[in-house]
Amino acid sequence: MAKPQFTAGNGLVLDIYARVSRVGDERQRSTGGQVDDCTVRVQDLGATVGQVHVDDGRSAWNPRVRRPKWDALMARLESGETGGVVVFDMARFSRRPIEGERLILAAERGLVVLDSEGEYDLETANGRKTFRDQLNAAAYESDRLSSRVKRGKRVKVARGESNHTHRPYGYEKDGITVRESEAAIVREMVARVLDKHADIEAKAAAAGGDTTAGVKEDAVGYKAIAVDLNRRGITTRTGSAWSGEKVKLVVLNPRYAGFVTHHGEIVTAMANANPLITPEQWERLCLLRDTTRVGRPASAVYLCSGLVHCGLCGRGLTGRPQYGRTYPDGEVRRRYWCQKRQTGGGCNRISIDARTLDKEVGALVVATLSDPRHADALIAAANDLAKRRRPIADALAEARETATVMSARLGNGEISLDRYDTVMAGVDARIAKLEAELDALDAEYDVDDSPAVRAESAQAWAAQWADAGIADKRAMIKRALRGSRLVVGPATTAGPRFDPSRIRLVDKTTRRPGAQDGPGPDVTGEAGTGAGDGVSVA
């Protein structure tokens with residue numbers, strides 16, 4: 001296949017990708033240095049730099065870590081907006097073979113893939129093998145490093161040493177030296193929680209109630225403490241605002257009582273510890289933790305709660321009923337709205353009918369997941385390809401190893417040339433056959449984007465959506481929104497007519513709007529009038 005002409009003027013356009021796992025790690029080439037090297041590489045080829053994508057402090061091995069710039073790069077490669085990519089080395093691009101298979105699928109159009117030392121021709125069997133070998137080596141290195149780190153942490157725990165990764169709030173980087181400005185806040189949090197709990201017990205005793213019964217989590221005052229700390233300008237270790245959940249995590253952290261934990265379990269007392277709270281306080285906290293009733297679980301009624309965001313301030317929308325108003329079938333009307341929160345955030349200016357939004361989101365999910373070009377289709381194809389390739393690739397590696405061994409034996413004089421030729425005739429034929437099988441297998445994986453395939457896929461996804469429960473539908477929404485965020489804007493029309501343009505997808509890497517970024521009427525009383533929702537107000 002000939003290389004396509006992705007050009008700017010008369011030159012090839014190549015994007016650059018750079019990454020480091022941890023910002024400030026002097027053992028790694030800085031992203032600035034990587035970009036400089038890649039820029040020179042592009043210039044040496046007489047090509048033009050397209051877009052530069054940099055992921056600072058992002059692991060390429062951990063599947064739970066999102067790399068927004070890598071996602072943007074792959075979108076450009078798969079859509080044909082760029083002619084290829086240049087990286088400092090393949091370990092910067094990825095340490096997961098499945099991501100490499102995604103690039104191989106995209107490269108069927110003919111992409112230029114280079115690192116600082118060479119080019120990978122992903123249209124040939126040898127080029128794909130070299131590329132896969134590089135990614136497999138990077139994955140192996142990461143796996144070994146992960147095993148050593150986990151083993152090292154277990155050893156430190158057994159010795160009673162802190163195994164923290166980030167600086168604990170209230171301590172310096174060593175996890176031992178107390179940072180008094182923060183330690184005072186930890187002690188204050190603990191004292192306020194325990195005082196509140198004691199007050200609740202005293203009131204229950206005075207009223208003749210059961211003082212051993214658990215109290216509700218929100219009654220303990222975590223949110224109230226967070227609101228007060230934010231009002232006073234006191235931030236977390238990372239400089240962000242406090243929330244009730246963050247306060248709870250600090251208050252119930254065994255570290256502050258001088259204990260070492262591993263996978264959430266207390267293992268032993270910490271050596272040379274400087275605890276911030278007393279053993280008596282920790283015992284009272286443990287009693288509180290074991291008897292506290294958590295809040296009610298998320299309602300199954302609201303499909304999109306937390307998955308769609310306000311188009312004015314960027315906060316997640318939550319659902320609530322509108323008592324006194326009903327749908328034509330008699331069910332209580334429900335709305336999603338941007339709730340103003342105690343701990344900050346939420347503009348109270350966006351709302352939308354729940355049924356309307358659920359219907360629109362369902363159609364969007366089906367359309368997205370049924371598109372053969374969607375990342376889910378590519379990943380599924382890559383998984384299937386890797387599964388079918390593995391036995392053939394293993395057999396090919398074995399045959400090549402046999403050829404290497406026979407060559408060594410001939411060189412050492414252990415066998416005659418005639419004997420070597422007799423054996424190698426079969427080995428060479430087997431190698432050629434296996435390589436042809438791999439090439440044929442790779443050639444199968446074109447993504448069919450025909451209207452017939454789209455229609456068939458859409459019917460299947462629509463049926464799956466209709467049969468799914470709330471949990472499965474929420475999982476499907478998350479898959480469809482990979483790399484994107486769903487936002488709802490203010491109503492644009494008066495009356496019951498719904499304007500679909502209110503709902504739009506934006507890239508997750510774009511800046512979230514602030515509450516001051518756009519005007520909008522306050523949502524008051526019944527969470528809006530229903531204007532622009534596409535439903536009549538009953």
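Going by the structure above, here's the rest.
Everything quoted here is computed from the prediction, not taken from an experiment. (Residues numbered from 1 in each chain as written. Predicted model: local features only at pLDDT ≥ 70, side-chain atom pairs only at ≥ 80, totals over all residues. Heavy atoms only, no water.)

J.: Any chance you could explain unusual backbone geometry here in plain terms?
T.: Note: most residues except glycine have negative phi, and most peptide bonds are trans. Of note, the phi angle at asparagine 348 is positive, near 65°, even though the residue is not glycine. Among the secondary structure elements, asparagine 348 is positioned in the loop between strand S11 (332-337) and strand S12 (351-353). (Helix = DSSP H or I, 4+ residues; strand = E, 2+ residues; numbered from the N terminus.)

J.: What is the right way to look at the sheet that holds strand S10 (residues 318-326) in this model?
T.: Pairing between the strands of a sheet is mediated by backbone hydrogen bonds and can be parallel or antiparallel. Pairing is antiparallel across the open sheet formed by 3 strands, whose spatial order is S10-S11-S12. The sheet is open, and its two borders are formed by S10 and S12, each paired with just one other strand. For this sheet the average axis-to-axis angle between neighbouring strands, irrespective of direction, equals 35°. Strands S11 and S12 of the sheet are contacted by helix H10 (residues 354-369), whose axis makes an angle of about 80° with S12. (Pairing = 2+ DSSP bridges. Axes fitted to C-alpha atoms, helices over the stretch in contact; angles between N-to-C directions. Contact = heavy atoms within 4.5 Å.)

J.: What am I meant to see in helix H7 (residues 222-231) here?
T.: The periodicity of an α-helix, 3.6 residues per turn, causes residues three or four places apart in sequence to face the same way. If you check which residues of H7 are buried, you get Tyr222, Ile225, Ala226, Asp228 and Leu229. The buried residues of H7 occupy one face: seen down the axis, they fall within an arc of 165°. Residues of H7 that are exposed and point more than 90 degrees away from the buried face comprise Lys223 and Arg231. Considering only its buried residues, H7 is in contact with helix H6 (180-206), helix H8 (244-251) and helix H9 (279-291). At the C-terminal side of H7, glycine 233 shows a positive phi close to 80°. (Buried < 20%, exposed > 50% of the residue type's maximum accessible area, 1.4 Å probe, protein only. Arc of directions from axis to C-beta.)

J.: Honestly, helix H4 (residues 97-106) in this entry has me stumped. Any pointers?
T.: Where burial is concerned, most of H4 is hidden: 8 out of the 10 residues are buried. Residues of H4 that are buried include every one of Glu99, Gly100, Glu101, Arg102, Leu103, Ile104, Leu105 and Ala106, and no others.

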